[in-house]
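Letter by letter, the chains look like this.
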Amino acid sequence: MQRITEPELMNDEAQARAYAQANFDEPHNMFIQAFDEAFPEIDVSGHILDLGCGPADISIRFAQSFPDCVIDGLDGAPQMLAHGKLAIQKAQLEDRIHLILGRLPGASLPDDHYEVIMSNSLLHHLHEPDVLWESIKQFGVSGSRVFIMDLMRPESEQVAREFVDLYASGEPQVLKDDFYHSLCAAFLPEEIQSQLECADLSHFKIKVISDRHVIVFGVL
Ligand SMILES: C[S@@+](CC[C@H](N)C(=O)[O-])C[C@H]1O[C@@H](n2cnc3c(N)ncnc32)[C@H](O)[C@@H]1O
């Protein structure tokens with residue numbers, strides 16, 4: 001099926017609340033585990049950037065897994081960041097995770113040297129995917145580790161509906177709709193490969209890690 005874009009920013013309060021309250025244990029733990037497997041040799045420390053951090057669940061799990069790092073989380077939706085702020089306070093990580101309101105491209109960040117740039121489920125929101133790859137080159141330096149996880153577009157809208165029934169059956173309708181639209185907006189691995197070639201990042205690796213998830217990783 002053809003890609004169907006969805007709105008970039010998750011600015012609707014009901015949508016942001018449902019997303020912040022959802023249980024993402026499985027995919028978000030998979031994000032941390034897949035990061036660990038992609039970069040087994042590094043001692044994760046220093047400054048980390050989480051692009052499209054939303055309510056900061058990935059940032060929090062990452063900070064808890066790697067205690068020697070500090071994280072800047074960037075997102076263009078104030079509603080998502082408000083939920084993120086509460087979650088960070090609850091996890092008592094205010095001194096290690098800082099949230100920044102800014103929309104890509106063109107956002108400014110406090111640091112100009114990130115050891116790791118990561119992102120989960122931002123790529124499929126972007127109407128122009130090169131915004132992600134150009135931002136990574138802008139905010140990274142030589143040697144920065146890059147780790148991206150996103151959904152993969154299924155072969156048909158019917159399969160997208162089946163994934164919603166399979167993985168989000170107990171969730172509120174707003175979250176089910178969100179998941180369906182995200183699946184339809186996601187890229188195929190071969191499309192991501194073309195994006196990487198256009199961005200001069202073709203040395204990054206692409207790996208399918210579940211029936212609906214793909215990771216992209218490499219060193220700048
Ligand atoms: C599906 S959520 C993922 C949130 C988080 N990374 C996670 O895994 O839970 C995508 C997030 O990207 C943000 N976003 C989308 N387009 C953006 C842009 N152009 N600049 C900054 N943030 C953006 C949305 O507001 C939303 O919070």
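These figures come from a predicted structure and were not determined experimentally.

Participant: For this particular structure, what's the right way to read the side chain of Ser182?
Facilitator: Counting through the fold element by element, Ser182 comes out in helix 7 (residues 173-185). Exposure remark for Ser182: the relative accessible area of 7% places this residue in the buried category. Non-local contacts of Ser182, meaning those with residues more than four positions away in its chain, are made with Glu6, His124, His125 and Leu151.

Participant: Teacher, can you tell me more about the layout of surface pockets here?
Facilitator: Using a probe with the size of a water molecule, rolled over the atoms, empty space left in the structure can be pinpointed. Size it by volume and the largest pocket reaches roughly 800 Å³. In terms of lining residues, the largest pocket is bounded by 42 residues, among which Tyr19, Phe24, His28, Asn120 and Ser121 are the most central. Elements supplying a minimum of two residues to the lining of the largest pocket: helix 2 (25-38), helix 3 (57-65), strand 2 (69-75), strand 5 (140-151) and helix 7. Considering each element in turn, the lining of the largest pocket owes the most residues, four residues, to helix 7. Considered class by class, the residues forming the lining of the largest pocket number 21 nonpolar, 12 polar and nine charged.

Participant: Please clarify how the site of the ligand should be interpreted in this entry.
Facilitator: Around the ligand, the structure places 21 residues, and the nearest of them are Glu8, Gly52, Asp75, Leu104 and Asn120. One of the backbone N or O atoms of Gly52 is found 2.7 Å from a nitrogen atom in the ligand. Mapping the ligand onto the cavity grids shows that it belongs to the largest pocket. Looking at side-chain class alone, the shell around the ligand contains 10 nonpolar, eight polar and three charged residues.

Participant: Sorry, what's going on with the pattern of salt bridges here?
Facilitator: Close approach of charged atoms allows side chains with opposite charge to pair. Here the structure, examined in full by the defined rule, presents 10 salt bridges. When the shortest N-O distance is used, the salt bridge between Glu41 and Arg145 registers 2.9 Å. Taken together, the positions of Glu41 in the loop between helix 2 and strand 1 (46-51) and Arg145 in strand 5 put the pair 104 residues apart, joining distant regions of the chain. Salt-bridge contacts for Arg161 lead to Glu157; the nearest nitrogen and oxygen are separated by 3.7 Å. Pair noted here: Arg161 and Glu157 are both in helix 6 (residues 157-167), with a separation of four residues, about one helical turn. Accessibility expressed as a relative area gives 41% for Arg161, which makes it partly exposed. Among the residues examined, Glu157 registers a relative accessible area of 35% and is labelled partly exposed. In the salt-bridge network here, residues are joined through shared partners; they are Asp25, Asp57 and Arg61.

Participant: I'm lost on the pairing of strand 5 in this one. Help?
Facilitator: Put simply, side chains in a regular strand alternate between the two faces of the sheet. When you tally the buried positions in strand 5, you get nine out of 12 residues, the bulk of the element. The sheet contact formed by strand 4 (residues 114-120) and strand 5 spans six bridges and is parallel. Paired with Val116 across the bridge in strand 5 is Arg145. Crossover strand 4 to strand 5 through helix 5 (residues 130-139) is right-handed.

Participant: Can you walk me through the environment of Asp12 in this structure?
Facilitator: Counting through the fold element by element, Asp12 comes out in the segment before helix 1 (13-21). Residue classification places Asp12 among the partly exposed residues on the basis of a relative accessible area of 43%. Here Ala14 takes part through its backbone nitrogen, which lies 3.3 Å from a polar atom of the side chain of Asp12. Polar contacts involving the side chain of Asp12 include one to the main-chain amide nitrogen of Gln15, which spans 3.0 Å.

Definitions and limits used
Residues numbered from 1 in each chain as written. Predicted model: local features only at pLDDT ≥ 70, side-chain atom pairs only at ≥ 80, totals over all residues. Heavy atoms only, no water. Helix = DSSP H or I, 4+ residues; strand = E, 2+ residues; numbered from the N terminus. Buried < 20%, exposed > 50% of the residue type's maximum accessible area, 1.4 Å probe, protein only. Contact = heavy atoms within 4.5 Å. 1 Å grid on protein atoms, 1.4 Å probe; cavity = no way out; pocket = protein on both sides within 12 Å on 5 of 7 lines; lining within 4 Å. Points joined across faces, edges and corners; volume = space filled by probe spheres on them. Nonpolar A, V, L, I, M, F, W, Y, C, P; charged D, E, K, R; others polar. Near = heavy atom within 4 Å. Polar contact = N/O pair within 3.5 Å; in protein donor to acceptor, adjacent residues only side chain to side chain. Sits in = over half its atoms within 2 Å of the grid points. Salt bridge = Lys/Arg side-chain N within 4 Å of Asp/Glu carboxyl O. Pairing = 2+ DSSP bridges. Right-handed = clockwise from strand over helix to strand, strands pointing away.

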